[in-house]
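Overview (structure and organization)
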Amino acid sequence: MQVAVIGGGVIGVCTAYFLAAAGHEVVVIERYGNVAQETSFGNAGIVAPGYVTPWAAPGMPKKILSYLFKPESPVLIKPTMDPVLWRWVRMWLAECELERYRINKERMQRIASYSQHILQQLREHYSLDYEQTTGVLQLFRNQLELQMAQSGIDMLAANGLPHRLVDADEARLIEPALAIHTPLTAGLYLPQDEAGNCPLFTRHLKNIAQTMGVEFHFNSTVDAIEPEHNRVTFRIEERTFRADAVVIAAGVESAQLLEPLGIHIPLYPVKGYSATAFIKNFDQAPLAAVTDESYKVAITRMGSRVRIAGTAELGSRTPDLHKAALRTLVKVGDDWFPDAANYSSATFWCGARPMLPDGPPLLGATPVKNVFVNIGHGSAGWAMAAGSGKVLADLISGQAPDIDLDGLTLSRYG
Ligand SMILES: Cc1cc2nc3c(=O)[nH]c(=O)nc-3n(C[C@H](O)[C@H](O)[C@H](O)COP(=O)(O)OP(=O)(O)OC[C@H]3O[C@@H](n4cnc5c(N)ncnc54)[C@H](O)[C@@H]3O)c2cc1C
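Residues numbered from 1 in each chain as written. Predicted model: local features only at pLDDT ≥ 70, side-chain atom pairs only at ≥ 80, totals over all residues.

Quick look at the overall build of the chain now. When you go through the chain residue by residue, the secondary structure sums to 11 helices and 19 strands. For the chain, whose C-alpha radius of gyration is 21 Å, the value lies close to the compact-globule estimate of 22 Å for 414 residues. By principal-axis analysis of the C-alpha atoms, the chain measures approximately 65 × 45 × 40 Å. Here the chain holds 414 residues, and the buried ones make up 50% of them. (Helix = DSSP H or I, 4+ residues; strand = E, 2+ residues; numbered from the N terminus. Rg over C-alpha atoms; globule rule 2.2 N^0.38 Å. Buried ≥ 20, exposed ≤ 12 C-beta atoms within 10 Å, placed from the backbone.)

In structure tokens form, the structure reads like this:
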């Protein structure tokens, strides 16, 4: 089949690779000049099925309210009347109930675990180096944070995901450069979880896909998609193209492409930030990835650089850098690894997570024949990319995917 993939982020490139591997003729259409230029560009890099969790969780609404009055907050809300946001918030609140949280988390961990396995296969097969590290350490500054994480820890045990609760001393053995002056109650160590440079991986996979015949059309924006008998047409600046099938993998823009087809997805762009700095003292830098549960910030080692990423900003659709968000990142970096780098001279970035209110992504067919989606991966798209791409290629090839897709398709929105 001739398949067009719209979007050259990590999700689109993984989809294109697996479609080509299954023998299809594939084109990727990307509005920028290279792959992974948008949300896939500056993320925290964590590939951790054990850490993947819905933001809609019991206690979260209260916690978010308390954050709003703190000088350094993981959540920023820009006042807006945008009805799309308020509808999203209403749906999100309904998902914060414990049973919904458990269901959503299981769905997310199912695709993330599968995805990690597929990513490892790709890495071994092509000897890929994308600055990957092994082990993720979650840090809890106080007892309350640890208590709030308890239901998630129970699920790790239930799902057989390797993890170990460690005290502050053991946490400092795992990450010897952790600052002594910052209060640390406990850590949760996920020894098999990983981190890595997402855009570097995406560029490697793009090069491999090109050798397999995948064509990349850069600087091309798809304006509309229209079904046509047994094919699909799509328009790029007044020109019309045809394919046997189209996969929408356009990140936060996906909902706009689906609206005219009568498919309404509650996808909202939740802005996040990162700071990337060159390491000045290697013995004072993190060895792998740590996360600070109080500020919902991740600190990741990426080769000779350290990246600090986090913040959820609602209500802003523009790419401007909010100073309060950057202050939080610098503070968390200084709290845990003060001598690793000069964070205030870091390169700052922001991107929008393609978030659905419940958490799991949407994979596979739509009610429109030959139009498929690979969207809504929210804060864990890198962790879910390889598996999601393989699932899409299997579905389009008429093969049964390796995992159960219950709760991971459009049918969950009726
Ligand atoms: C601060 C932050 C930290 C994060 N940390 C992590 C993490 O540690 N681990 C993790 O797994 N995930 C993380 N994420 C989430 C992850 O980055 C995203 O889920 C993932 O990048 C989404 O990939 P994507 O390919 O769907 O979107 P994108 O990377 O945004 O790709 C979509 C592409 O589609 C293109 N496009 C859009 N519309 C059109 C059109 N009409 N025509 C042509 N092209 C189009 C865009 O230009 C873009 O390149 C983080 C995100 C943020 C913001």
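So much for the structure itself; the text now carries on.
Their axes nearest at 8 Å, the elements helix α1 (residues 10-21) and helix α11 (residues 381-396) cross at an angle of 35 degrees. Along this stretch, α1 crosses α11, giving a crossing that reads as right-handed. Where α1 approaches α11, its residues Val10, Ile11, Cys14, Thr15, Tyr17, Phe18, Leu19 and Ala21 are matched on the opposing element by Gly381, Trp382, Ala385, Ala386, Ser388, Gly389, Lys390, Leu392, Ala393 and Ile396. A class-by-class count of the residues in the contact of α1 with α11 yields 13 nonpolar, 4 polar and 1 charged. (Axes fitted to C-alpha atoms, helices over the stretch in contact; angles between N-to-C directions. Left-handed = near helix turned anticlockwise from the far one by under 90°. Contact = placed C-beta atoms within 7 Å. Nonpolar A, V, L, I, M, F, W, Y, C, P; charged D, E, K, R; others polar.)

Turning our attention to the site of the ligand. Around the ligand sit 41 residues in total, of which Gly7, Gly9, Gly251, Gly272 and Gly381 are the nearest. Every element with two or more residues in the shell around the ligand is listed here: α1, β13 (268-278), β17 (347-355) and α11. Here the shell around the ligand is composed, by residue class, of 18 nonpolar, 18 polar and 5 charged. Residues lining the shell around the ligand come from more than one domain, with at least three contributed by each of domain 1 (2-40 + 200-265 + 359-413) and domain 2 (49-82 + 131-194 + 267-355). (Near = placed C-beta within 6 Å. Domains from an automatic or database assignment.)

Here we come to the sheet that holds strand β12 (residues 245-248). Reading across the sheet, the 6 strands line up as β8-β2-β1-β12-β19-β18 and stay open at both edges, with mixed pairing between neighbours. Whereas interior strands pair on both sides, the edge strands pair on one side only; in this sheet they are β8 (215-217) and β18 (362-365). Ignoring which end each strand starts from, the neighbouring axes of this sheet average 20 degrees apart. (Pairing = 2+ DSSP bridges.)

Here we take up the domain arrangement of the chain. Looking at the chain, the domain boundaries give domain 1 (2-40 + 200-265 + 359-413) and domain 2 (49-82 + 131-194 + 267-355). Just the C-alpha atoms count here: the centres of domain 1 and domain 2 sit 29 Å apart.

With that out of the way, let us pick up the nonpolar core. Formed by 115 residues in total, the largest nonpolar core has its most connected members in Ile6, Ala16, Ile46, Val246, Val247 and Ile248. It is α11 that contributes the most residues to this core, 10 residues altogether. Here this core gathers at least three residues from each of two domains, domain 1 (2-40 + 200-265 + 359-413) and domain 2 (49-82 + 131-194 + 267-355). With residues near it in sequence (within four places) discarded, Ala16 still touches Val5, Val26, Val28, Ala209 and Val214. The next biggest cluster of nonpolar side chains, apart from the first, holds 5 residues, and it includes Trp55, Ala56, Ala57 and Tyr101. (Core = buried A, V, L, I, M, F, W, Y, C linked by C-beta atoms within 7 Å.)

Turning our attention to unusual backbone geometry. Within the chain, Asn219 stands out as a residue other than glycine whose phi angle is a positive 55 degrees. Here Asn219 is to be found in the loop between β8 and β9 (222-228). Phi at Asn370 takes a positive value of approximately 70 degrees, unusual for a residue other than glycine. Within the secondary structure layout, Asn370 lies in the loop between β18 and β19 (371-375). For Asn370, a count of 21 C-beta atoms within 10 Å gives the class buried.

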